[in-house]
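The primary structure of each chain is shown beneath.
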Amino acid sequence: MGKRIIIDPITRIEGHLRIEVEIENGKVKDAWCSGQMFRGIEMMLTGRDPRDAHHFVQRSCGVCTYVHALSSVRAVEDACNITIPDNARLIRNLIHGAQFQHDHLVHFYHLHALDWVDIVSALDADPVKTAKLSENVSGMPQKSEYFREIQDKLKTFVSSGQLGPFNNGYWGHSAYLLPPEANLMAASHYIEALKLQAKAARMHAVFGGKNPHPQFLVVGGVTSVKDLSADRIHEFGEIWKETTDFIDKIYIPDLLAIASFYKDWGAIGGNNDAFLAYGDFANDTAENEKLMPAGFIRKGLEVENINPDMITEDVTRAWYEKGKARHPFAGETRPIQGEPVYDTDKSYSWLKAPRYDGLAAEVGPLARVLVAYAHGNADVQAAVNGVLKKLSIGKEALFSTLGRTAARAIETQVIGNAMGDWLETLKSNIASGDKKTYQAWEMPKTGKGFGLNDVPRGALGHWIEIEDSKIKNYQYVVPSTWNFGPADAKGNKGPVERSLIGTPVADASKPLEILRTVHSYDPCIACAVHVVDPESNETYKVQVV
Amino acid sequence: MEEKDRNQEFYDRLEAKGVSRRDFLKYCTALTASMGLTLSCTGQVVKAVEKAAASPRPPVIWLHFGECTGCSEAFLRTPDVGAIILETISVEYHETIMAASGHQAEKSLHDAVEKYKGKFVCVVEGSIATKYNGGYGKVADRSFLEIAKSIIPNAAATIALGTCAAYGGLPAAAPNPGGYKGVKDAIGVATINLPGCPPNPLNLLATIVKYLNKEKIELDELGRPLFAYAETVHDRCPRLKHFENDEYVEEFGSKEAELGYCLYKMGCRGPETYNNCPTAKFNDGTSFPIQAGHPCIGCSEPGFWDTMTPFYEEA
């Protein structure tokens, strides 16, 4: 029996996550993920007005803000047979694209970077050499004076003795491999990205009123018709350009520069065969084609069409009243009535275990990029091949912690670029006199619908059943539930638990390597805790997406 | 160090970052406006921010309970938040941004409470599960309830940031499965409440500035600072004249919606909601929900998930 260690709280994430691992001979032998908070949003929705649901579910998470609201209105629109106007589709796509740009940037610099970048080592860097490095790798190189100034600022900060958020980090850990100059360059961009993200979020506010939790979606379209002015669209476009520039010239080069020192991680943190993507960013209101395609990969790079009926959730190892694994449609919510007992041999999480055709599937940037690649998506193939070539690594290295982090950057670029086209289409619609942003509709007495979406952390599905024009049942199966869920009835572990196995851990008291793989999934645990425990095993018409 | 020298040093640091004294004064003017103060008060705000930038930086411990991290995200949207985090205050514990995890994170928390006992500002985000011994929400084996009871009484002041920490918010919406409550109701301590879903980060900054300036922060009976929450959204709504002229939107996407008429008949809760959204706005003054054509949902009022719903029906 190896040594067990618990990391709780996992920080630089959304929500309350606990990771336990067993370490033997310097490697992880077994792992358990546990969500530590339960709110029960679906339970609150029962009996309410379906039009209100998106406001509730948006508060699943303030980091992946907007995405649940979007999925919710799509589910209600499906249930009520509403086709939204083209301008509404474009504005929703633009806000969704802005969310990817913002969320992925913040993840890379503020949530993930400190797993690879030793801030303290940056103090030893030579600013002249750092400027040379920046000139070699960056599309927006900075001068030595700039790096010296940042370094001085860091020195002042460290010598103040108040390290604040950098206190007790794993600085000096043997697994940090960047030279001081690369650390200084990355630390500088940490600060730049902090500024940029506040600006990038303004894209949401232009058409959405505010960020986080934009408030402009309604079932049937969007409300911000008054913001379809030339000035407002220009304002959005300028922020988009600046953000896209940062992604192209700073984020992607930083990713490649850092990854080049950590190529070993192209063989660590993988272990998953199955990948699931629902796809997103419809190219027309009929949603026939999506920028990021849907698909399921059972193994390798063979992609299948998805069938929503194959989705089930298992509660065997979660803190809910026990029952069989069921499809999310038609459900009942039954958290245990009492203080949960954490026991890795029994139940150990508020997260349930979603399965596709009985398999634990990884969702998120890596799944989307693999599915798009397997589908032959030209933009994604070009971007992936470019990254592999620059790093001189093979395709097999995609199935790893390194691959997951690279896939996130790749899709940020692909989706960000597409935003330019949507903005142009929006402009030409308006120029032709089409300002329609809302489709009038009537609430039916009964209805059933769902929306399958892909959001920064992965495949997200919302299911709604309406009775007497009220919500009878509402369920959602969320990306971090797919990734961070516990083992199922058969004892098969969740994707993150699997990924952690085999991870080298140099110092069990400073498990930096564990954080790398956990953060590479960008956990959002408040989203992940949901209750769907269907009593009736009602089936729904098969709709192959 | 003399106050004058310290100020000079502060401006030198700003200059080094490419921020001129003029830019800084402009920023303080905006902050002053958001605090509902007359512009003649700008001088006081400048002084407070200068003082705040002095060493040692005032320590802040930020606790996350039953929440969605939206309040933290809102705070991170403050223009030049980097300068606030790295140069103005000292964020001793904040799970979303701190480098340390696990034992090391716990150590940061306990060391900070020990070192700054009675001196730190505690910012709380999220509500506290009280049912089942607080069992529905835990960090490092301790319930939110236990953590709140052990940390918050040591703070010099506690800011309940967002509607959840202030009054229970979303987790407390019916049927409130975990018995979630706001900080004051859960553990009986006095809090400065800054509700909103999310709260406006300018109101947080203004509160911190006033606190550091040792100004008395006048609160209403719901614990909200009067500088931000004395008037309703309706009182300061840019669409108020349409309300007075009986010019209403009666359907989204209509001509009236395009003309920016009053959203009262679409369910706007502006008349019952105390907050400064129309004047402070969000994301560096970019917009606020009514400007985006969506009715106010009353997100800074206690119990709004139950009392203000269904949102799209006229009150």
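Fair warning: this is a prediction, and the values are worked out from it, not measured in the lab.

1. Side note on the overall build of chain A
Link 1 in the chain: In terms of regular secondary structure, chain A is built from 16 helices and 15 strands.
Link 2 in the chain: Computed over the C-alpha atoms, the radius of gyration of chain A is 23 Å, within 12% of the 24 Å expected from 2.2 N^0.38 for a compact globule of 545 residues.
Link 3 in the chain: Counting the 545 residues in chain A, one finds 68% classified as buried.
Link 4 in the chain: Of the contacts formed within chain A by residues at least 6 apart in sequence, a portion of 76% connects residues at least 24 apart.
Link 5 in the chain: Accessible area for chain A stands at about 16900 Å²; split by element, carbon and sulfur atoms hold 49% of it.
Link 6 in the chain: Averaging the coordinates of the 59 positive side-chain charges in chain A and doing the same for the 68 negative ones gives two points 1 Å apart.

2. Focus: the overall build of chain B
Link 1 in the chain: Of regular secondary structure, chain B possesses 15 helices and nine strands.
Link 2 in the chain: Out of the 315 residues belonging to chain B, those deemed buried represent 65%.
Link 3 in the chain: For chain B, restricting intrachain contacts to residue pairs at least 6 apart in sequence, the fraction spanning at least 24 positions comes to 71%.
Link 4 in the chain: As displayed, chain B has an accessible area near 11600 Å², and 51% of this comes from carbon and sulfur atoms.

3. Focus on the interface of chain A and chain B
Link 1 in the chain: Contacts between the two partners involve 91 residues from chain A, matched on the other side by 90 residues from chain B.
Link 2 in the chain: For the pairing of chain A and chain B, the buried interface totals around 7400 Å² over both sides, and the portion due to carbon and sulfur atoms is 55%.
Link 3 in the chain: Of all residues in chain A, A:Q162, A:P165 and A:Q215 bury the most surface against chain B, accounting for 9% of the area lost on that side.
Link 4 in the chain: In this structure, the connection of chain A to chain B is made through six salt bridges.
Link 5 in the chain: Here A:R48 ties to B:D306 by a salt bridge, and the two come within 2.7 Å at their closest N and O atoms.
Link 6 in the chain: Inspection of the chain A/chain B interface yields 49 residue pairs in polar contact (both at pLDDT 80 or more).
Link 7 in the chain: The leading source of residues in the side of chain A that touches chain B is helix α7 (residues 180–200) of chain A, at six residues.
Link 8 in the chain: Residues belonging to the side of chain A that touches chain B are distributed by class as follows: 41 nonpolar, 28 polar and 22 charged.

4. Observations concerning the domain arrangement of chain A
The figure often quoted for interface size is the accessible area lost as the parts come together.
Residue and element names in this part refer to chain A.
Link 1 in the chain: If you check the domain split of chain A, you get domain 1 (33–115 + 195–501) and domain 2 (122–185).
Link 2 in the chain: Each of domain 1 and domain 2 was reduced to a C-alpha centroid, and the two centroids are 33 Å apart.
Link 3 in the chain: Counting from both sides, the interface comprises 12 residues of domain 1 and, opposite them, 13 residues of domain 2.
Link 4 in the chain: Of the roughly 1100 Å² buried between domain 1 and domain 2, counting both surfaces, carbon and sulfur atoms make up 72%.
Link 5 in the chain: Of all residues in domain 1, L114, F261 and Y262 give up the largest surface area on contact with domain 2, accounting jointly for 46% of the area buried on that side.
Link 6 in the chain: Our enumeration of links across domain 1 and domain 2 arrives at zero salt bridges.
Link 7 in the chain: The tally of links between domain 1 and domain 2 comes to four residue pairs in polar contact (both at pLDDT 80 or more).

5. Section: the UniProt feature "binding site: [4Fe-4S] cluster 2" (unreviewed entry) in chain B
Residues and elements named next belong to chain B.
Link 1 in the chain: Summarizing the sequence annotation, UniProt attributes the feature "binding site: [4Fe-4S] cluster 2" (unreviewed entry) to H234, C237, C262 and C268 in the numbering used throughout. A maximum C-alpha distance of 11.2 Å is found for the annotated residues, which run over 35 residues; spatially they form one tight group.
Link 2 in the chain: Relative to the assigned elements, H234 resides in the loop between α11 (226–229) and α12 (240–244).
Link 3 in the chain: Accessibility expressed as a relative area gives 17% for H234, which makes it buried.
Link 4 in the chain: Discounting chain neighbours no more than four positions away, the residues touching H234 are L240, F243, G270 and P271.
Link 5 in the chain: Mapped onto the elements, C262 comes out in the loop between α13 (255–258) and α14 (277–280).

6. Considerations on the sheet that holds strand β9 (residues 192–194) of chain B
All names here are of chain B.
Link 1 in the chain: The strand order β2-β1-β3-β7-β9 describes an open sheet built from five strands, whose pairing is parallel. Because the sheet does not close on itself, it has two edges, and the strands there are β2 (90–93) and β9. Put simply, the sheet's adjacent strands are angled 25° from each other on average, direction ignored.
Link 2 in the chain: Here strand β7 (residues 157–161) runs beside β9; their pairing, made up of three bridges, is parallel. Directly across from A160, in β9, lies its bridge partner N193.
Link 3 in the chain: Where helix α6 (residues 102–115) meets the sheet, its contacts fall on β1 (59–64) and β2, and the angle it forms with β2 comes to roughly 120°.

7. Some points on the UniProt feature "binding site: Ni(2+)" (unreviewed entry) in chain A
Link 1 in the chain: Under the UniProt annotation, "binding site: Ni(2+)" (unreviewed entry) lies at A:C61, A:C64 and A:C524. Sequence-wise these annotated residues cover 464 residues; spatially they are packed, their C-alpha atoms never more than 7.9 Å apart.
Link 2 in the chain: Tracing the backbone through its elements, the reader meets A:C61 in the loop between α2 (53–58) and α3 (67–79).
Link 3 in the chain: Once you skip the residues sitting within four places of it in the chain, A:C61 turns out to touch A:E14, A:H213, A:C524, A:C527 and B:C68.
Link 4 in the chain: Structurally, the position occupied by A:C64 is in the loop between α2 and α3.
Link 5 in the chain: When sequence neighbours within four positions are dropped, the list of residues in contact with A:C64 reads A:Q99, A:D103, A:R457, A:C524 and A:C527.

8. Observations regarding the environment of B:G118
All names here are of chain B.
Link 1 in the chain: Note on placement: G118 falls in the loop between α6 and β3 (121–125).
Link 2 in the chain: Spatially, the C-alpha atoms of G118 and P198 are 28 Å apart, while their sequence positions differ by 80 residues.
Link 3 in the chain: Excluding its chain neighbours within four sequence positions, the residues that come into contact with G118 are N154 and A156.

9. Considerations on the domain arrangement of chain B
All names here are of chain B.
Link 1 in the chain: When cut into domains, chain B gives domain 1 (3–228) and domain 2 (231–315).
Link 2 in the chain: With 21 residues of domain 1 at the contact, the number on the domain 2 side is 15 residues.
Link 3 in the chain: Both sides together, the interface formed by domain 1 and domain 2 hides about 1400 Å², and carbon and sulfur atoms give 56% of it.
Link 4 in the chain: Our enumeration of links across domain 1 and domain 2 arrives at one salt bridge.
Link 5 in the chain: Of the residues that constitute the side of domain 1 that touches domain 2, the class distribution is 13 nonpolar, six polar and two charged.

10. Some thoughts on the side chain of A:N483
All names here are of chain A.
Link 1 in the chain: Looking at the element boundaries, N483 is found in helix α13 (residues 479–484).
Link 2 in the chain: Among the residues examined, N483 registers a relative accessible area of 1% and is labelled buried.
Link 3 in the chain: Engagement of the side chain of N483 in a polar contact is seen with the backbone nitrogen of V363, the distance being 3.0 Å.
Link 4 in the chain: Once residues within four sequence positions are removed from consideration, N483 is found in contact with A361, E362, V363, R457, G494, P495, V496 and Y521.

11. Here we look at the confidence of the model for chain A
Link 1 in the chain: Per-residue confidence for chain A gives a mean pLDDT of 93; residues scoring 70 or more make up 96%.
Link 2 in the chain: Contacts of residues 531–545 of chain A to residues separated by more than four positions or lying in other chains number 54 contacts, the stretch itself having pLDDT below 50.

12. Remarks on the confidence of the model for chain B
Residue and element names in this part refer to chain B.
Link 1 in the chain: Per-residue pLDDT for chain B has a mean of 89; in total, 83% of the residues score no lower than 70.
Link 2 in the chain: Of the regions scoring below 50 in pLDDT, residues 36–41 engages in seven contacts with residues more than four places distant in sequence or in other chains.
Link 3 in the chain: Reported confidence for the predicted complex is 0.93 by ipTM and 0.93 by pTM.

13. Let's talk about the environment of A:L512
Residue and element names in this part refer to chain A.
Link 1 in the chain: The residue L512 is located in helix α15 (residues 512–520) in this model.
Link 2 in the chain: Residue classification places L512 among the buried positions, given a relative accessible area of 0%.
Link 3 in the chain: Along the chain, L512 and G169 lie 343 residues apart, while their C-alpha atoms are 9.3 Å from each other.
Link 4 in the chain: Leaving out residues up to four positions away in the same chain, L512 has contacts with L114, D115, Y170, H173, A175 and Y176.

Cut-offs and rules
Residues numbered from 1 in each chain as written. Chains lettered and ligands numbered in written order. Predicted model: local features only at pLDDT ≥ 70, side-chain atom pairs only at ≥ 80, totals over all residues. Heavy atoms only, no water. Helix = DSSP H or I, 4+ residues; strand = E, 2+ residues; numbered from the N terminus. Rg over C-alpha atoms; globule rule 2.2 N^0.38 Å. Buried < 20%, exposed > 50% of the residue type's maximum accessible area, 1.4 Å probe, protein only. Contact = heavy atoms within 4.5 Å. Areas by Shrake-Rupley, 256 points an atom, 1.4 Å probe, with all protein chains shown as cover. Lys, Arg positive; Asp, Glu negative; His and termini not counted. Charge placed at Lys NZ, Arg CZ, Asp CG, Glu CD. Buried area = accessible area lost by both parts, 1.4 Å probe. Salt bridge = Lys/Arg side-chain N within 4 Å of Asp/Glu carboxyl O. Polar contact = N/O pair within 3.5 Å; in protein donor to acceptor, adjacent residues only side chain to side chain. Nonpolar A, V, L, I, M, F, W, Y, C, P; charged D, E, K, R; others polar. Domains from an automatic or database assignment. UniProt positions renumbered as here; feature names shortened; annotations may be inferred. Pairing = 2+ DSSP bridges. Axes fitted to C-alpha atoms, helices over the stretch in contact; angles between N-to-C directions. pLDDT = per-residue confidence, 0-100.

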